[in-house]
Amino acid sequence: MALRFTLKKKLLRDLWGRKLALSALVVIVGIGVACYVAMASVYRDLDGARARYYRDRRLADFAVDLKRAPASVTERVAALPNVSGVRGRIDFAVLLDLPGVDEPITGRAISMPRRRAPVLNDVVLVRGGWFGGRDDREAILNESFAAAHGLGPGDRIKVTLLDRQVDLLIVGTALSPEFVYLIPAGGGLAPDPARFGVLYCPEELLERSCDLEGAVNQIIGTVHDDEPTAIRNTLELIGDELDAWGVTNTVAAADQPSVRFLADELAGLAVTSRTIPVVFLFVAALVLNVLVSRLVRQQRTVIGTLKALGYSSSQVTVHFLGYGVVVGFGGGVAGLALGWWMQTGLVSVYRQFYAVPGIEAHVYPDIAATGLAISVGFAILGTVKSVRHAASLAPAEAMQPPPPEGGHRILLERMPWLWGRLSFRRRLVLRSIFRNPFRSGVSVFASMVSTALVVTTLNNADALDVIVRHEFEQVSHQDVTVVVRDPIDAARADEVTLLDAIGRIEPQLVIVCDVENGARRKRIGVTGLPSGNELYTPLDDRGRRLVVPEEGLLLSRKLADILGVEVGDVVRLRPLIGRRETVRAPIVGIATIYLGLGAYADLGYLSRLVGEERVANSVLGVVAGRRATAELYRGVKERPAVIGVGERRRALDQIQQTFGEVMGTFIGVTVLFAGLIAFGAVLNTALVSLSEREREVATLRVLGYHPGQVSRIFSAESVALNGVGIGFGLLAGVGLTHLLSLAYDTELYRFPVVIAPENLALASALMAAFIAAAQLVIYQLIRALEWLAVLQARG
Amino acid sequence: MSEGAERPVLLSIRDASRVYRMGEVDVPALRAVTLDVFEGEILVIVGASGSGKSTLLNLIGGMDRPTAGAVVFRGEDLAVATDRRLTLFRRREVGFVFQLFNLIPSLTALENVRVAIEIADDPLDPREALQLVDLGDRADHFPSQLSGGQQQRVAIARALASNPRMVLCDEPTGALDSATTRSVLELLLRLNGELGKTIVVITHERHITPIADRVVILHDGTVASITRNEERAAVADLDWT
């Protein structure tokens, strides 16, 4: 039913007369819509770019690492059920030596056909072109890596391939769907494209240089049915089929870190876009309900008059619903604008983290329409109760003055020993609170939500800090980690890695193993630690060092949960290299690890499992100073056995820098939004309370009260209600922190529950500041109130 | 009907009672009232506070239904009419004038009149309605910018704007000084004389009854008397002392 022209005017003028309260509401609605629109749109931007990228570049569904197999094995794999496409390739760990860069850089050289052809795990050329020179010593460099080092087509790069350093001409730069989140080995959480170089070389070059002529060391492929179970079964089949060629690992695309990080991020985004905005809009609906109820009460006679003039109940309903529609629409439009701004910001953050071409912010009309519909819907929801009441009034009834507001005694008044001790101002405050339970409840709820949001955000930031400090300071103590291609005699680790002359060293052995408990199975890297380990010290849940047993395993909590085992249980352990025999390994301890799925064993125990005495494939070391580090780097660059060097400090700095910036912005925006919600809600409920109690204010002014004294009565009410709200908010924040730690409990990372008292104090202080700001506005209004006119006004 | 002196009946109230339920107690506001309203007459209903004047006016105007009895308008019993029917009845047949004017404060005089016009079937031009009450030059003023008398004239213009048969006035001069009251009463007489509108006025001010064709006295929810003025007095002849 269309709203009559004159009533539209009335509506707009009434709204304009309440512009302060309504704009506060529009802000709350706007924030809710903005969060929804931004997150839902970013989800689609990111998911769309990811899907296009994976599809167009044919991301493989699985990868199987082999020691060495003839190229013809691809045909055998292609013949297996469920396999739809296969490609054999060489994927080789390499060290890159860049001019002007001291440290050797870990990388991977991956074979590509000399002539451009559509292949699985294809690349997108960004700069330059494909191979084509007479000399096949050419490389196409990962664009992120090239950009981080200022390299491009025409530059040259030194790469250690197996046992010699090769000088390669960079012909182009490219991005690949299998490396969208570039984390160097041991890098933890944050991408560090400068320290992880992926290069694509002609097949012939890698076959020749890696001693793999006519052979491949990796099979990648696609499947018809990509359900996790189907892929797992297919990988088992492939593993059996290729057993003779030494399968060292099989990975489904979903378990590949780069794919996983992006998938987890999208899953999180999907959940957040459906929860946070709902909370904001719910608060807005409640506050709007308070405001419109008041408006309707104030317009009781107008309703009666309209009905007396012959307006129907539905026309009256439509008119008053207009208040909700305008607030919802205004908030929706503001939200769309703010949402676009947030979306472009978020998209640029995601571009920094994920190397996916085509992550662009798009406007999605359906999301915008849904955002608008949600905001208008919630706003209407907020008005409906009051409007229904207004429309139900018989005209004769509406003409009568409203029944006196509840003058009943509140519960506290029935406790004379307590009530008698209260000053009259406190009584006024308490009566106002308890006689308007809905409004009071809305105040409490709004400040509770805002406080909880701030507490949770601050706790999350601290949780990230705890993760980083745990992994990089409390568990890891080395300066550098040197990784070698093939296991070496642990006793001679110092010679191979050149670490002996510089400081303390500790060998490590990481072996990919299948760990099974009944039907539960997980493929993970088990880390062998020497007895008396000092540089890498797994901790239990109370931060105590765990002693690595001579036999058996220490498992991370998450892995133990996945396998369904506890200390004292026995699992079946099968290394993927060496004799590949299955042994029974007792679980002797549970370690607290926040990143990845860890398992630890004694170095000798693990070595014996792979048929060796005491071997290592990485060495941790403490390096004394910059000179010593530089010396180490120089030496390592000449050691073909070494395929990677990682610096703990650098990984730590990288994480803190990358996440610190994003976290800082995130905290800022959250605090601002939470504050605006608290401010808007407090202002609105206080304005409603003020309009109801104008005569009371005027009377007090007549009696000689200063505006400050009067506003103290109002602020006392606000302080009481919001104090309770903040208290509940702190509790809710603690609860939400626990919930989030459950939600962020993935195989890649876990968020510990961190409840820092200073965060609770900070959240309370921030909320108090926003509430005080709203009180200041109320004080100004009380000061400006024309109290004499109020007293003279009728009814 | 002898009382009507040849005028046809516009609306008949038969044995109408109205009982309000206040908590546990039934409070009768009207008891078996029977009354006819004739076309084109000026009917003044007087009575003390609580005598049932407003309740009776609400029944006449379709703002309320009796708990017993009938309110018949052109053969239709409004006592059993739906909300929708009553709404249409008020929209087409009745114009209300209230003691406290009941103008919408956020609308100008002209817009207040328009509120009624926009839903009417055969309305007057809003400016014409304002001119009828001599407020053509105040069309763009908001109620807060008008005097009490001017506000009541706007309310009368609004009541007339939908071109109703009846104009019902609930204490139309209750909030006005005597000079303003005179001009408002003159206006009502003019509407009756020039436009032939049926005017029903409820008031506790007995001194204005000489302007009526008939005077109904209510007492404790019943009709105590109905008297016919042989001749209607002019406003100037009313006794204001």
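Every value quoted in this text rests on a predicted model; they were computed, and no experiment measured them. Counting from 1, residues in each chain are numbered in the order their sequence is written. Think of it this way: whatever chain is written first is A, whatever ligand is written first is 1, and the rest follow in order. Under the rules for a predicted model, residues below a pLDDT of 70 receive no local features and side-chain atom pairs below 80 are neither given nor counted, while totals for whole chains, interfaces and linings still include all residues. Here the side-chain values reflect all heavy atoms present in the structure, with hydrogen atoms and water set aside.

Student: Which residues make up the overall build of chain A, and what values do they have?
Tutor: In this description a helix means any DSSP run of H or I spanning at least four residues, a strand means any run of E spanning at least two, and both kinds are numbered starting from the N terminus. Check the secondary structure of chain A and you find 23 helices and 20 strands. Overall, chain A is about 100 × 60 × 50 Å in size when its C-alpha atoms are taken along their principal axes. The classification of residues rests on relative accessible area computed with a 1.4 Å probe and restricted to protein chains. Under 20% of the type maximum is buried, over 50% is exposed, and intermediate values are partly exposed. Among the 795 residues that make up chain A, the fraction classed as buried is 56%. Throughout, a residue-residue contact means that at least one pair of heavy atoms, one from each residue, lies within 4.5 Å. Long-range contacts, defined as pairs at least 24 residues apart, comprise 80% of the intrachain contacts of chain A with a sequence gap of at least 6. To be clear on the numbers: accessible area is Shrake-Rupley with a 1.4 Å probe, and residue cover counts the displayed protein chains and nothing else. For chain A, the computed accessible surface area is about 33300 Å², with 57% contributed by carbon and sulfur atoms. This count recognises Lys and Arg as positive and Asp and Glu as negative, with His and chain-terminal groups excluded. Here the site of a charge means NZ on Lys, CZ on Arg, CG on Asp, or CD on Glu. Looking at charge distribution, chain A has the averaged site of its 84 positive side-chain charges lying 14 Å from that of its 79 negative ones.

Student: Describe the interface of chain A and chain B, listing the residues and the values that go with them.
Tutor: Put simply, an interface is often sized by how much accessible area is lost when its parts join up. Taken residue by residue, the interface counts 23 residues in chain A and 22 residues in chain B. Buried surface area refers to the total accessible area, computed with a probe of radius 1.4 Å, that the two partners give up upon joining, counted for both partners together. Both faces combined, the contact of chain A with chain B buries some 2100 Å², and carbon together with sulfur accounts for 60% of it. Contact with chain B buries surface across chain A, with T6(A), R13(A) and L309(A) losing the most and accounting together for 27% of the total. For salt bridges, the criterion is a side-chain nitrogen of Lys or Arg within 4 Å of an Asp or Glu carboxyl oxygen. Inspection of the chain A/chain B interface yields two salt bridges. Where E111(B) meets R13(A), a salt bridge forms, and the shortest distance between an N and an O atom there is 2.4 Å. Any N or O atom pair separated by 3.5 Å or less is treated as a polar contact, with the protein-specific requirement of one donor-capable and one acceptor-capable atom, and with residues adjacent in sequence counted only for side-chain atom pairs. At the junction of chain A and chain B, the tally comes to 11 residue pairs in polar contact (both at pLDDT 80 or more). Going through the elements one at a time, α1 (5-17), α8 (300-308) and α11 (395-399) of chain A are the ones with two or more residues in the side of chain A that touches chain B. With seven residues, the top contributor of residues to the side of chain A that touches chain B is α1(A). A class-by-class count of the residues in the side of chain A that touches chain B yields 10 nonpolar, six polar and seven charged. Each residue receives one of three labels: charged for Asp, Glu, Lys and Arg, nonpolar for Ala, Val, Leu, Ile, Met, Phe, Trp, Tyr, Cys and Pro, and polar for the others, Gly being one of them.

Student: Outline the nonpolar core, supporting the account with residue identities and numerical values.
Tutor: Ranked by internal contacts, the top residues of the largest apolar core, which has 93 residues, are L306(A), Y311(A) and V115(B). Element by element, the count of residues in this core is highest for helix α2 (residues 19-56) of chain A, at 14 residues. Boundary definitions for the domains trace back to an automatic or database domain assignment. Three or more residues apiece are contributed to this core by two domains, here domain 1 (1-61 + 257-403) and domain 3 (428-476 + 650-795) of chain A. What V115(B) contacts, discounting residues up to four positions off in sequence, is T6(A), L7(A), L306(A), L309(A), Y311(A), I104(B) and L107(B). Put simply, buried Ala, Val, Leu, Ile, Met, Phe, Trp, Tyr and Cys residues joined by side-chain atoms within 4.5 Å make one nonpolar core.

Student: Account for the pairing of strand β6 (residues 94-97) of chain B, naming residues and giving values.
Tutor: Residue and element names in this part refer to chain B. Neither face of β6 is exposed, since V94 and F96 on one face and G95 and V97 on the opposite face are all buried. Sheet topology places β6 next to strand β7 (residues 166-170); four bridges connect them, and they run parallel. Bridged to F96 within β7 is L168. In this analysis, strands are considered paired if DSSP registers two or more bridges between them.

Student: For the packing of aromatic side chains, give the residues involved together with the corresponding values.
Tutor: Residues and elements named next belong to chain A. Pairing of aromatic side chains requires ring centres within 6.5 Å, counting the rings of Phe and Tyr and the six-membered ring of Trp. Pairs whose planes differ by under 30 degrees are stacked, by over 60 edge-to-face, and all others tilted. For the coordinates displayed, the defined rule picks out 12 aromatic pairs over all chains. When the centroid spacing of 6.3 Å and the interplanar angle of 65° are considered together, the rings of F179 and F196 count as edge-to-face. Of the two residues, F179 is situated in the loop between β8 (164-175) and β9 (196-202) and F196 in strand β9; the sequence distance between them amounts to 17 residues. With respect to class, F179 is no different from F196; both count as buried. Judged by centre distance (5.7 Å) and plane angle (25°), the rings of F320 and Y323 are stacked. Taken together, the positions of F320 and Y323, both in helix α9 (residues 313-353) and three residues apart, correspond to about one turn of that helix.

Student: Tell me about unusual backbone geometry, and please be specific about residues and values.
Tutor: We note that N121(A) has phi near 50°; this positive angle belongs to a residue other than glycine. Along the chain, N121(A) turns up in the loop between β4 (105-112) and β5 (124-128). Given the relative accessible area of 3%, N121(A) is considered buried. Look at D220(B): it is not a glycine, yet its phi comes out positive at around 50°. In this fold, D220(B) is placed in the loop between β9 (214-219) and β10 (222-228).

Student: Account for the sheet that holds strand β4 (residues 68-73) of chain B, naming residues and giving values.
Tutor: Residues and elements named next belong to chain B. Here we have four strands laid out as an open sheet, ordered β2-β1-β4-β5, and antiparallel in their pairing. A single partner strand is all that each edge strand has here, and the edge strands are β2 (25-38) and β5 (76-77). Bridge analysis of strand β1 (residues 9-22) against β4 gives five bridges, and the strand direction is antiparallel. The residue of β4 that forms the bridge with R14 is A70. Axis definition: a line fitted to C-alpha atoms, over the contacting stretch in the case of helices. Angles run 0 to 180 degrees between N-to-C directions. Strands in contact with helix α1 (residues 53-60) are β1, β2 and β4; relative to β2, the strand with the most contacts, it is inclined by about 55°.

Student: Outline the domain arrangement of chain A, listing residues and values.
Tutor: All names here are of chain A. Annotation of chain A at the domain level lists domain 1 (1-61 + 257-403), domain 2 (62-256), domain 3 (428-476 + 650-795) and domain 4 (480-622). The distance between the C-alpha centroids of domain 3 and domain 4 comes to 48 Å. Counting residues at the interface gives 15 residues for domain 3 and 14 residues for domain 4. Carbon and sulfur atoms supply 55% of the area that domain 3 and domain 4 bury against each other, a total of about 1300 Å² over both sides. Of all residues in domain 3, V475, E747 and R750 bury the most surface against domain 4, accounting for 45% of the area lost on that side. Counting every contact that joins domain 3 to domain 4 gives two salt bridges. For D745, the salt bridge is made with K558, and the minimal N-O distance between the two is 3.2 Å. Taken together, the connections running from domain 3 to domain 4 amount to nine residue pairs in polar contact (both at pLDDT 80 or more).

Student: Let's hear about the sheet that holds strand β1 (residues 62-70) of chain A: which residues, and what values?
Tutor: All names here are of chain A. As summarised here, the arrangement of the four strands in space is β2-β10-β1-β11, forming an open sheet in which the pairing is antiparallel. Looking at strand neighbours, the two that pair on one side only are β2 (83-89) and β11 (247-252), the edges of this open sheet. Strand-to-strand twist in this sheet, taken as the mean axis angle between neighbours without regard to direction, amounts to 25°. The pairing of β1 with β11 spans five bridges and is classified as antiparallel. Across the sheet, F62 pairs through a bridge with A252, a residue of β11. The sheet contacts of helix α6 (residues 228-241) involve β1, β2, β10 (215-223) and β11, and relative to β11 the element is tilted by about 160°.

Student: With reference to specific residues and values, describe the pairing of β4(A).
Tutor: Residues and elements named next belong to chain A. Burial of β4 is extensive: seven of the eight residues sit out of reach of the surface. Here strand β3 (residues 91-97) runs beside β4; their pairing, made up of six bridges, is antiparallel. Paired with F92 across the two strands is A109, which belongs to β4. When β4 meets β9, the two strands line up parallel, connected through seven bridges. Counterpart to A109 in the pairing with β9 is L199.

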